[in-house]
Amino acid sequence: MAIQWFPGHMHVTKKAILERIKDIDVVIELLDARLPGSSANPMLAAMTGHRLKLKVLNKQDLADPARTEAWLAWYRAQSDTAAIALDASDTAPAQRLVKACRELAPHRGGMAKPLRVLICGIPNVGKSTLLNTLVGKKAAKTGDEAGVTRIEQRINLASDFYLFDTPGMLWPKIIVEKSGYHLAGSGAVGRNAYDEEEVALELIQSLKGPYAPLLVARYKLDTPEAEIPAMHDEALLTEIGRKRGAVMSGGRVNLQKAAEIVINDFRSAAIGRATLETPAEFEAWLQAAQAHEATLQAERAARNKKHKRRHDQEEAALPRPEAGDGDHEDANDSED
Ligand code: G4P
């Protein structure tokens, strides 16, 4: 079953972004470097339109460096877009962010034309951690601005560089099913929105191809590395559970326990540095999902049209009140 959630405060956040976006020069989107495509908010893309964009692949310390390079190159090939990778151990994130934004918008700068930047990202992507570093070491937090919705805060990274923060936001309908599982695996989605076993199986499916050696090493698997990619996901989860002692009385593997182990190990990178998706894979998923979505919408439209036609036919078949009926009733009423 696909993962769905109820993104809290979505409308408030959306309104705040729409209010602010008019005066913004650069939009920074914090992405999870382990799932860049899946952690990009499609609503944000629609709201920010043709603005200059800086994609920040955050938590790069957990991600596969080669895949991070591939994602950076992919973003940099897009128009009006720059991309950098970052993690919490970076001692000078402010300098890197400011430099990247200034290069994107050389026409802005100086007190008369300060560079105005909006920072967005899904929950758990590491935005608070980054902002705390920025505020603590490099910047002055100015708090809410008059006239702007109160959930927004402004940080001055330089006298002519304003960074506007927005709360972490998910979007209401996830069309790429795989993205839902990757987001759940990363910890972006609340625990009650997904089933751990399903998420662990999807994580295994994404990991077993490119990272078979990491899985064999982490769980001391008996299956040879070369056979892991072709292995059934549930068989792999079962072997992991057995190896980690997640066994119930009677010797059956406790798949729920095994799933929790896999999810926790992925989140903490105990498995090793791994990225769940490549740009080409994500593009293919997105295109397939968009085509599927278009089919669903066409089917829905056809169904609605059919219902309407039937309704109209039924209406037309109803006996029509004869002329004068109303007068007759009135006559009866008056008799009463
Ligand atoms: P958010 O505001 O975007 O929701 O995310 P937040 O900064 O709260 O970070 C979410 C979790 O990600 C935190 O872990 C945080 O420590 C961790 N994190 C943030 N940036 C990085 C990074 O660059 N690398 C790694 N490896 N982790 C990062 P937590 O376990 O939820 O909380 P905590 O106990 O570590 O604070």
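Quantities reported herein were computed from a predicted structural model and do not represent experimental measurements. (Residues numbered from 1 in each chain as written. Predicted model: local features only at pLDDT ≥ 70, side-chain atom pairs only at ≥ 80, totals over all residues.)

K.L.:
Could you clarify how one ought to interpret the overall build of the protein chain in this entry?
P.N.:
Looking only at helices and strands, one finds twelve helices and seven strands in the protein chain. Looking at the 336 residues of the protein chain, the share that counts as buried comes to 35%. Long-range pairs, those at least 24 residues apart, make up 70% of the contacts in the protein chain between residues at least 6 apart in sequence. (Helix = DSSP H or I, 4+ residues; strand = E, 2+ residues; numbered from the N terminus. Buried ≥ 20, exposed ≤ 12 C-beta atoms within 10 Å, placed from the backbone. Contact = placed C-beta atoms within 7 Å.)

K.L.:
Sorry, what's going on with the site of the ligand here?
P.N.:
What surrounds the ligand is a group of 15 residues, the closest being Asp87, Ala88, Gly126, Ser128 and Thr129. Per element, the largest residue contribution to the shell around the ligand is three residues, and it comes from helix H5 (residues 127-138). When grouped by side-chain class, the residues that make up the shell around the ligand number four nonpolar, seven polar and four charged. (Near = placed C-beta within 6 Å. Nonpolar A, V, L, I, M, F, W, Y, C, P; charged D, E, K, R; others polar.)

K.L.:
I tried to follow unusual backbone geometry on my own but got confused; where do I start?
P.N.:
Peptide bonds are mostly trans, and most non-glycine residues show a negative phi. Even without glycine at this site, Asn124 takes up a positive phi of about 75°. As for its placement among the helices and strands, Asn124 is situated in the loop between strand S4 (115-121) and H5. C-beta crowding within 10 Å serves as the criterion here: with 17 such atoms nearby, Asn124 is assigned to the partly exposed category. With phi around 65°, Ala269 is a residue other than glycine that occupies positive phi space. Relative to the helices and strands, Ala269 is located in the loop between helix H10 (255-267) and helix H11 (279-317). Overall, the presence of 15 C-beta atoms within 10 Å leaves Ala269 in the partly exposed class.

K.L.:
Any chance you could explain the nonpolar core here in plain terms?
P.N.:
Across soluble globular proteins, nonpolar side chains have a tendency to be buried as a group. Residues Val26, Ile28, Cys101, Val117 and Val262 are the most contacted members of the largest nonpolar core, which totals 78 residues. Element by element, the count of residues in this core is highest for H10, at six residues. Counting the residues that make up this core, at least three belong to each of domain 1 (10-165) and domain 2 (195-276). When neighbours within four sequence positions are excluded, Ile28 is seen to be in contact with Leu54, Val56, Leu97, Val117, Leu118 and Ile119. (Core = buried A, V, L, I, M, F, W, Y, C linked by C-beta atoms within 7 Å. Domains from an automatic or database assignment.)

K.L.:
In this structure, what is going on with helix H8 (residues 212-219)? I would like to understand it.
P.N.:
Helical geometry note: an α-helix holds 3.6 residues per turn, so side chains three or four residues apart project in the same direction. All of the buried residues along H8 are Ala212, Leu214, Leu215 and Tyr219. The buried residues of H8 occupy an angular sector of 160° when the element is viewed end-on, so they sit on one face. (Arc of directions from axis to C-beta.)

K.L.:
Help me out: how do you make sense of the confidence of the model for the protein chain in this one?
P.N.:
Any region with low pLDDT has predicted coordinates that should not be read closely. Looking at the protein chain as a whole, the pLDDT averages 89, with 90% of positions reaching at least 70. Predicted confidence for residues 138-150 stays below pLDDT 50, and this span has 24 contacts to residues more than four positions away or in other chains. (pLDDT = per-residue confidence, 0-100.)

K.L.:
Just checking my understanding: could you explain the environment of Lys22 for this structure?
P.N.:
Relative to the helices and strands, Lys22 is located in the loop between helix H1 (10-21) and strand S1 (26-32). The exposed category is assigned to Lys22, around which 6 C-beta atoms lie within 10 Å. Residues Lys22 and Thr48, 26 residues apart in the sequence, show an inter-C-alpha distance of 9.1 Å.

K.L.:
Before we go on, may I ask you to explain the pairing of strand S6 (residues 153-158) in this structure?
P.N.:
Side-chain positions along a regular strand alternate between the two faces of the sheet. Pairing analysis gives five bridges linking S6 to strand S7 (residues 161-165), with the strands arranged antiparallel. Looking at S7, one finds that Ala158 is bridged to Phe161. In textbook terms, the turn of a hairpin is the stretch between consecutive antiparallel strands, and for S6 and S7 this stretch comprises two residues. (Pairing = 2+ DSSP bridges.)

K.L.:
Would you take a moment to explain the packing of helix H9 (residues 233-243) against H10 for this structure?
P.N.:
What describes two packed helices is the angle between their axes and the distance between those same axes. As a packed pair, H9 and H10 sit with axes 9 Å apart at the nearest point and diverge in direction by 90°. Here H10 runs roughly perpendicular to H9, going by the angle between their axes. Where H9 approaches H10, its residues Leu237, Thr238, Ile240 and Gly241 are matched on the opposing element by Leu255, Lys257, Ala258, Ala259, Ile261 and Val262. Along the lines of polarity and charge, the residues of the contact of H9 with H10 split into seven nonpolar, two polar and one charged. (Axes fitted to C-alpha atoms, helices over the stretch in contact; angles between N-to-C directions. Parallel < 35°, antiparallel > 145°, perpendicular 65-115°, else oblique.)

K.L.:
When you look at the environment of Arg218 in this model, what are you seeing that I'm missing?
P.N.:
Counting through the fold element by element, Arg218 comes out in helix H8. The exposure class of Arg218 is partly exposed, given the 18 C-beta atoms found within 10 Å. A sequence separation of 54 residues divides Arg218 from Gly272, and the C-alpha atoms of the two residues are 8.2 Å apart. Here Arg218 is in contact with Asp265, Ala270, Ile271 and Gly272, once residues within four sequence places are set aside.

K.L.:
It is not clear to me how the pairing of S7 should be interpreted in this structure. Could you clarify?
P.N.:
The buried fraction of S7 is high, at five of five residues. Burial along S7 is two-sided: Phe161, Leu163 and Asp165 and Tyr162 and Phe164, pointing in opposite directions, are all buried. By the bridge criterion, five bridges tie S4 to S7 in an arrangement that is parallel. When the bridges of S7 are listed, Leu115 appears paired with Phe161.

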